[in-house]
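Residue strings, one per chain:
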Amino acid sequence: TGDRGPRKFARVLLIGLDGATFDVIGPLIKKGLMPQLKDLIDGGTSGILESTRPPITPAAWTTFMTGKGPGKHGIIDFLRYDPATNRLVFNNNQKISQKTIWQILSEKKYRVGSINVPMTFPPEPVNGFMISGFDTPTGKDFTFPKELQAEILARCPDYTHEKKWERKALGGDKVFEENLEYIKQSFDRGVDLARFCGDKYGWDVMMVLFKLVDNLQHKAWRYLDERTRDSNPRRAKLTVDCFIKLDETVGKLRALADEKQATILIMS
């Protein structure tokens, strides 16, 4: 490569569907409700990905970023024991003991972008841009370069990393529906950030992660499980509508990948 820069290769667009499972997606695909994912599966390669041990968010996504297991990269949970203070403290990317894919690609002069991936706070200097994930503490800077944060807030003044699931005793179906609308909006926001930041900084490898797929299942699993979903058919339909919206979101990212002649890799 030398002074000529890195070897040319097709761009790669990584799509993270946090906590997504074929237990839910498979039946929806068979019903014809997720045609974008069906096309990708039919035209590519798919399978069940074995998770980490423990199979939880910080360990799993750090394993993706490093290619190493938790025993090597050092991230087991959201918290770690600090012997100096005899307290539990929050983990962050500064505690990752291995190089991440963003660091490795940046060192090789490839242009990278990372949007909402867990364990990327504080956002680190990369050859491109980084927007940290839902584990970002409230009020802390969440972008590299730093000036990107002001541009994001100008485009979306209510931008937040919070999961925002409201629990109102008297809200009933109305509050449930508002919660799902927020999740749908987060899907649109991910696409908007991918296009805006990708155009601004350019990219060879870019990732956008949809964290609230996982939150949706935590809060509404009873409306997805065939054993319990008939208890409230309206909520079950509203929950499935979120997956239909997710599939449409994947379609928008497919269009972006086609424009940039990028290969798509989806993971959960």
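Residues numbered from 1 in each chain as written. Predicted model: local features only at pLDDT ≥ 70, side-chain atom pairs only at ≥ 80, totals over all residues. Heavy atoms only, no water.

Chemist: I'm lost on the overall build of the protein in this one. Help?
Modeler: What the protein contains, in helices and strands, is nine helices and eight strands. At 19 Å, the protein has a C-alpha radius of gyration in line with the 18 Å of a compact globule built from 268 residues. Each principal axis of the C-alpha distribution contributes one length, and for the protein these read about 60 × 50 × 40 Å. Counting across all 268 residues of the protein, residues that qualify as buried make up 45%. Partitioning the intrachain contacts of the protein with sequence separation of at least 6 by distance along the chain shows that 60% fall at a separation of at least 24. Of the roughly 14500 Å² of accessible surface on the protein, 51% is carried by carbon and sulfur atoms. Each charge class in the protein can be summarised by its mean position, and for the 41 positive and 34 negative side chains these summaries are 3 Å apart. (Helix = DSSP H or I, 4+ residues; strand = E, 2+ residues; numbered from the N terminus. Rg over C-alpha atoms; globule rule 2.2 N^0.38 Å. Buried < 20%, exposed > 50% of the residue type's maximum accessible area, 1.4 Å probe, protein only. Contact = heavy atoms within 4.5 Å. Areas by Shrake-Rupley, 256 points an atom, 1.4 Å probe, with all protein chains shown as cover. Lys, Arg positive; Asp, Glu negative; His and termini not counted. Charge placed at Lys NZ, Arg CZ, Asp CG, Glu CD.)

Chemist: Help me understand helix α9 (residues 233-260) in this model?
Modeler: Structural remark: α-helix, 3.6 residues per turn; residues separated by three or four positions point the same way. Compared with an ideal rise of 1.5 Å per residue, which puts 28 residues at 40 Å, α9 spans 41 Å between its outermost C-alpha atoms and is within 8% of the ideal. Within two residues after α9, glutamine 261 carries a phi angle of roughly 55°, on the positive side. (Expected span 1.5 Å × (residues − 1).)

Chemist: Where do I start with the side chain of threonine 120 in this structure?
Modeler: Tracing the backbone through its elements, the reader meets threonine 120 in the loop between β4 (112-117) and β5 (128-132). Using a relative accessible area of 1% as the deciding quantity, one classes threonine 120 as buried. When neighbours within four sequence positions are excluded, threonine 120 is seen to be in contact with Met65, Asn93, Trp102, Ser114, Met130, Ile131, Ser132, Gly133 and Asp135.

Chemist: Looking at this model, I keep getting lost on the sheet that holds strand β1 (residues 11-17). Mind explaining?
Modeler: Sheet strands line up and pair through hydrogen bonds in the backbone, either parallel or antiparallel. An order of β6-β5-β4-β7-β1-β8 is seen for the six strands of this open sheet, with the pairing classed as mixed. Every other strand in the sheet has two partners, leaving β6 (143-144) and β8 (262-267) as the edge strands with one partner each. As paired elements, β5 and β6 share two bridges and run antiparallel to each other. Bridge assignment links isoleucine 131 to a residue of β6, and that residue is threonine 143. (Pairing = 2+ DSSP bridges.)

Chemist: Help me understand the nonpolar core in this model?
Modeler: Most often, soluble globular proteins keep nonpolar side chains buried together rather than apart. In terms of nonpolar packing, the biggest core is built from 50 residues, with Ile131, Phe243 and Leu253 touching the most fellow members. Listing elements by their share of this core, those giving two or more residues are β1, α1 (22-30), β5, α6 (147-155), α7 (172-201), β7 (205-210), α8 (212-220) and α9. The biggest single contributor to this core is α7, with 11 residues. In this structure, Val117, Val126, Val205 and Leu209 belong to the second largest nonpolar core, which totals 17 residues. (Core = buried A, V, L, I, M, F, W, Y, C linked by side-chain atoms within 4.5 Å.)

Chemist: Which parts of the structure should I look at to understand the pairing of strand β3 (residues 87-90)?
Modeler: One face of the sheet, then the other: side chains in a regular strand alternate in exactly this way. The sheet contact formed by strand β2 (residues 79-82) and β3 spans four bridges and is antiparallel. Bridge pairing links tyrosine 81 to leucine 88 in β3. Between the antiparallel neighbours β2 and β3 lie four residues, among them asparagine 86 with a positive phi of about 60°.

Chemist: Before we go on, may I ask you to explain the packing of α7 against α8 in this structure?
Modeler: What describes two packed helices is the angle between their axes and the distance between those same axes. In the contact formed by α7 and α8, the axes pass within 10 Å of each other and the chain directions differ by 165°. Taken together, the axis directions place α7 and α8 in an arrangement best described as roughly antiparallel. Here α7 runs over α8; the crossing is left-handed. Across the interface between the two elements, Phe176, Leu180, Tyr182, Ile183, Ser186 and Phe187 of α7 pack against Leu212, Val213, Leu216 and Ala220 of α8. Grouping the constituent residues of the contact of α7 with α8 by class yields nine nonpolar, one polar and no charged. (Axes fitted to C-alpha atoms, helices over the stretch in contact; angles between N-to-C directions. Parallel < 35°, antiparallel > 145°, perpendicular 65-115°, else oblique. Left-handed = near helix turned anticlockwise from the far one by under 90°. Nonpolar A, V, L, I, M, F, W, Y, C, P; charged D, E, K, R; others polar.)

Chemist: Would you take a moment to explain the pattern of salt bridges for this structure?
Modeler: Any two side chains of opposite charge can pair, on the condition that their charged atoms come close. In total, this model carries 21 salt bridges according to the counting rule given. The residue glutamate 178 makes a salt bridge to lysine 174 at a minimum N-O spacing of 2.5 Å. Placement of the pair is glutamate 178 and lysine 174 together in helix α7, with a separation of four residues, close to one helical turn. For glutamate 178, a relative accessible area of 38% corresponds to the partly exposed category. (Salt bridge = Lys/Arg side-chain N within 4 Å of Asp/Glu carboxyl O.)

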